Amino acid sequence: IDIRFKPSRFSCPTCGSTHFISKGNKKRSLVSVPVNDKPVKMITYVKRYKCIDCNASFSDVNPIAYGDWSFTRTAIISILNRLKPYNATYASIARMFGVSSTRIMEIFDTFVRIKRHSLPRVLLIDEFHFSRNSKYKYPAILMNFENNLIIDIVESRTHDIMSDYLFKIDLDERKKVEYICTDMSFIFKPLLKTYFPNSTLLVDHFHVTRLINDQLNHTRRIMRKYAKNKKSREYRLLKHRYKILLKSKNNIDNETFKYDKIMECHVTENMILETLLSFDDELRQAYNAKEEYLIFDQVSKEEVNNSNKRKELNAVIKKFKHTHVEESISVAVTLEHWKEEILNSFIWINDRRISNGPCEGKNNYVKKILSNANGMSNFQRA
């Protein structure tokens, strides 16, 4: 599309003289918004002038251009809007506009400046895997529990990076934070008293349950006893039906009979579970300890108010210790170390128990973005 603009200069911008002469047209190619899914280029012609009095050169204003960019104003706005969906890619948008991916990245880097939101009353801190090729593989995501708004994403969860980041935030703003929920990382615990003097630290109860399930899964090392005959029922059940061990007892089906290829008969989930637990006493003890913790953890707000959770937690820790199972004893040590933070996790805000669940949901969006991009190494651009 060729465009010629009407003259817009009626005096010299340098000296104000009206005595100037035309020096032809300045030709400029601009990328515009696609039409019918086809790239569009606008060839603009802007008149150039020379002042007779002061000898200055100048030209008419190009109303559709944006500075020195080879894109129209509307094209840049359109590109930024098309980049908003989490599944948008630089390459797909570059094809729409008939330019290289590098040009789209330049626009993103120049115009996108996302400011940090103010710290909330309930702050969630979690981490996610970014890229194995980047300097820092695990950034930290900060989120508002009450409205599920992402506050900011910090380049790394390391102590030095987090300390430097928090130090730059005004103390008065940090004092407004009342609760902080994290996983059982030793990075955030020492930072709490220094940077959040008025806050209470909570451990995300889903992370505790995950830790206990992981340790229970490690107890399947008893498979080695049956490794000589990998076709045996014991070995095959422990290898292929272990997920039943990780389910809550309340979710185990005790009524529906289904044919199981390994058991070679119709059985319920509960029958498979009892068969698994019969293989080894250590496995049964570790499983029972896991169920004790789930009973302690999976309670309503009313049940918490009518119970002594500290006494219950001490009993659960004792249960893990008395199993004499290596993995369960390791769980007991962790629970003892994080006892106060686990007890703090029984706090409800607006009828919701504080947890890092909202962060996990946002992490899925991040994973989809990284997947669409086939991996990223530039944290600032991501």
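Remember, it's a predicted structure, so these values are computed and weren't measured experimentally.

Cut-offs used in this document
- Residues numbered from 1 in each chain as written.
- Predicted model: local features only at pLDDT ≥ 70, side-chain atom pairs only at ≥ 80, totals over all residues.
- Heavy atoms only, no water.
- Helix = DSSP H or I, 4+ residues; strand = E, 2+ residues; numbered from the N terminus.
- Buried < 20%, exposed > 50% of the residue type's maximum accessible area, 1.4 Å probe, protein only.
- Lys, Arg positive; Asp, Glu negative; His and termini not counted.
- Salt bridge = Lys/Arg side-chain N within 4 Å of Asp/Glu carboxyl O.
- Contact = heavy atoms within 4.5 Å.

Enquirer: Explain the side chain of D204 here, please?
Expert: Assignment of secondary structure puts D204 in the loop between strand 9 (200–203) and helix 7 (205–218). Look at D204: it is buried, it has no salt bridge, and the nearest opposite charge is R210 at 6.1 Å. Apart from residues lying up to four places away in sequence, D204 is in contact with C181, T182, S355 and N356.

Enquirer: Explanation requested: the pattern of salt bridges in the structure shown.
Expert: Pairs may arise between side chains of opposite charge once their charged atoms sit close together. Inspection of the entire model under this criterion finds 19 salt bridges. Residues D164 and K168 are paired through a salt bridge, measuring 3.5 Å at the closest nitrogen-oxygen approach. Its relative accessible area of 43% is what places D164 among the partly exposed residues. Classification of K168 as exposed rests on a relative accessible area of 64%. Across the pair R241 and D260 runs a salt bridge, and its minimum N-O distance is 2.9 Å. You can see R241 sitting in the loop between helix 8 (233–240) and helix 9 (243–246) and its partner D260 sitting in strand 10 (residues 258–260), a full 19 residues away along the chain. The buried category is assigned to D260, whose relative accessible area is 7%. Overlapping salt bridges bring together R121, E146 and E178 as one network.

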